[in-house]
Amino acid sequence: DAGITQSPRHKVTETGTPVTLRCHQTENHRYMYWYRQDPGHGLRLIHYSYGVKDTDKGEVSDGYSVSRSKTEDFLLTLESATSSQTSVYFCAISEPRTETQYFGPGTRLLVL
Amino acid sequence: EDKVVQSPLSLVVHEGDTVTLNCSYEVTNFRSLLWYKQEKKAPTFLFMLTSSGIEKKSGRLSSILDKKELFSILNITATQTGDSAIYLCAVVKGKLIFGQGTTLQVKP
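What counts as what
What you see as residue numbers is a count from 1 along each chain, following the sequence as written. As they are written, the chains are lettered A onward and the ligands numbered 1 onward, keeping that order. For this predicted model, a pLDDT threshold of at least 70 governs which residues receive local features, and a threshold of 80 or more governs which side-chain atom pairs are given and counted, while totals over whole chains, interfaces and linings are taken from all residues. The side-chain values count all of the structure's non-hydrogen atoms but skip hydrogen atoms and water molecules. Two strands pair under a simple rule: DSSP has to find at least two bridges between them. Secondary structure is summarised from DSSP: a helix means a run of H or I of at least four residues, a strand means a run of E of at least two, and numbering begins at the N terminus for each. All axes are obtained by fitting lines to C-alpha atoms, using only the stretch in contact for helices, and the reported angles, taken between N-to-C directions, cover 0 to 180 degrees. By convention a nonpolar core is built from buried Ala, Val, Leu, Ile, Met, Phe, Trp, Tyr and Cys residues, the set being connected through side-chain atoms within 4.5 Å. Here's how the labels work: a residue is buried when its accessible area is under 20% of the maximum for its type, exposed when over 50%, partly exposed in between, all with a 1.4 Å probe on protein chains only. Note on contacts: a residue pair is in contact if any heavy atoms of the two residues lie within 4.5 Å. Put simply, the grid is 1 Å and covers the protein atoms alone, a cavity is a trapped set of points that fit a 1.4 Å probe, a pocket is an open set with protein on both sides within 12 Å along at least five of seven lines, and lining residues have an atom within 4 Å of a point. Grid points are joined across faces, edges and corners, and a volume is the space filled by probe spheres set on the points. Under the grouping applied here, Gly and all other residues not named as nonpolar or charged are polar, the nonpolar ones being Ala, Val, Leu, Ile, Met, Phe, Trp, Tyr, Cys and Pro and the charged ones Asp, Glu, Lys and Arg.

S.K.: Now, about the sheet that holds strand β1 (residues 4-7) of chain A: what can you tell me, with residues and values included?
M.R.: Residues and elements named next belong to chain A. Strand order in the open sheet formed by four strands is β1-β3-β8-β7, and the pairing between neighbours is antiparallel. On the outer flanks of this sheet lie β1 and β7 (64-70), each paired with one strand and no other. Averaged over all pairs of adjacent strands, the angle between their axes in this sheet comes to 20 degrees, without regard to strand direction. Looking at chain direction, β1 and strand β3 (residues 19-25) are connected through four bridges and run antiparallel. Among the inter-strand pairings, isoleucine 4 is bridged to a residue of β3, identified as glutamine 25.

S.K.: Could you give an account of the sheet that holds strand β1 (residues 3-7) of chain B, naming the residues involved and the relevant values?
M.R.: Residues and elements named next belong to chain B. The sheet built from five strands is open, its strands ordered β1-β3-β8-β7-β6 with antiparallel pairing. Strand pairing shows two members of the sheet lacking a second neighbour, β1 and β6 (56-58), which therefore form its edges. Along the sheet, successive strands turn relative to each other by an average axial angle of 15 degrees, direction set aside. Alignment of β6 against strand β7 (residues 61-66), held across three bridges, turns out to be antiparallel. Bridging from a neighbouring strand, lysine 57 pairs with serine 62 of β7.

S.K.: Kindly report on the nonpolar core, identifying the contributing residues and their values.
M.R.: Grouped together as the largest cluster of nonpolar side chains are 23 residues, with contacts concentrated most on Val4(B), Tyr25(B), Leu33(B) and Trp35(B). Counting residues per element, the ones that place at least two in this core are β3 (19-26), β4 (32-38), β5 (44-49), β7, β8 (71-76), β9 (85-93) and β11 (102-107) of chain B. For Val4(B), the contacting residues outside a window of four places in its chain are Cys23(B), Ser24(B), Tyr25(B), Val27(B), Cys89(B), Val91(B), Ile97(B), Phe98(B), Gly99(B) and Gln100(B). Core analysis: the second largest hydrophobic core is formed by 19 residues, Ile4(A), Met32(A), Ile46(A) and Tyr89(A) among them.

S.K.: Tell me about the layout of surface pockets, and please be specific about residues and values.
M.R.: As a volume, the largest pocket reaches approximately 680 Å³. Around the largest pocket, the lining is made up of 27 residues, and of these Gln37(A), Arg108(A), Gln38(B), Glu39(B) and Ile86(B) lie nearest the centre. Only β4 (31-38), β9 (87-94) and β11 (107-111) of chain A together with β9 and β11 of chain B provide two or more residues apiece to the lining of the largest pocket. If you tally residues by element for the lining of the largest pocket, the top one is β9(A), at three residues. Looking at side-chain class alone, the lining of the largest pocket contains seven nonpolar, 14 polar and six charged residues. Volume-wise, the second largest pocket comes out at about 430 Å³. Forming the boundary of the second largest pocket are 19 residues, of which Glu59(A), Glu1(B), Asp2(B), Ile97(B) and Phe98(B) lie nearest the centre. Listed by contribution, the elements that provide at least two residues to the lining of the second largest pocket are β5 (42-51) of chain A together with β1 and β10 (95-98) of chain B. Counting residues per element, the lining of the second largest pocket draws most heavily on β10(B), at four residues.

In structure tokens:
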């Protein structure tokens, strides 16, 4: 398994509170991604990073921000959580020379 | 707009059956197509297809890409209960564009 961990693995929060999810890799891969997975939608890209301090938006970025201050860590922040952000969040990593992405174990987030 | 569509969305079979999962796409100038298997955890990589007509095979699983007709199929022969999972295909165009997934249930 690729060396990717996510924390927390499960979280319950209330509407309007800020939430930060962490993705940590030990593979020194340049690219990191955040996805959300919802029934009927497959995996949808939220944000991605192509290097330290270099990030860009995906297809469902509204309501989310990211930061990458170190190669190994990619943080996803919900500034003010809403019930529509209840989902399973996956982090993934890849190298530029290969297109295969490897996924972390996921974080289940419930926003009440 | 680039689009990837998988069919069927769900499928129930019995052990020993052969299944074919479909992935069609409306994506231009992509580099490769990926298949993943997802059990109750993270998606795990199965195949990467880059060239049309060349079959990739791993045990009872095989996959092929048809760039002319814009689709890929994933075949699983002699299915087992451990094959029960969501199967995802994704087209690589800079980023990954995923289909909705096919949920396969294999009954004993």
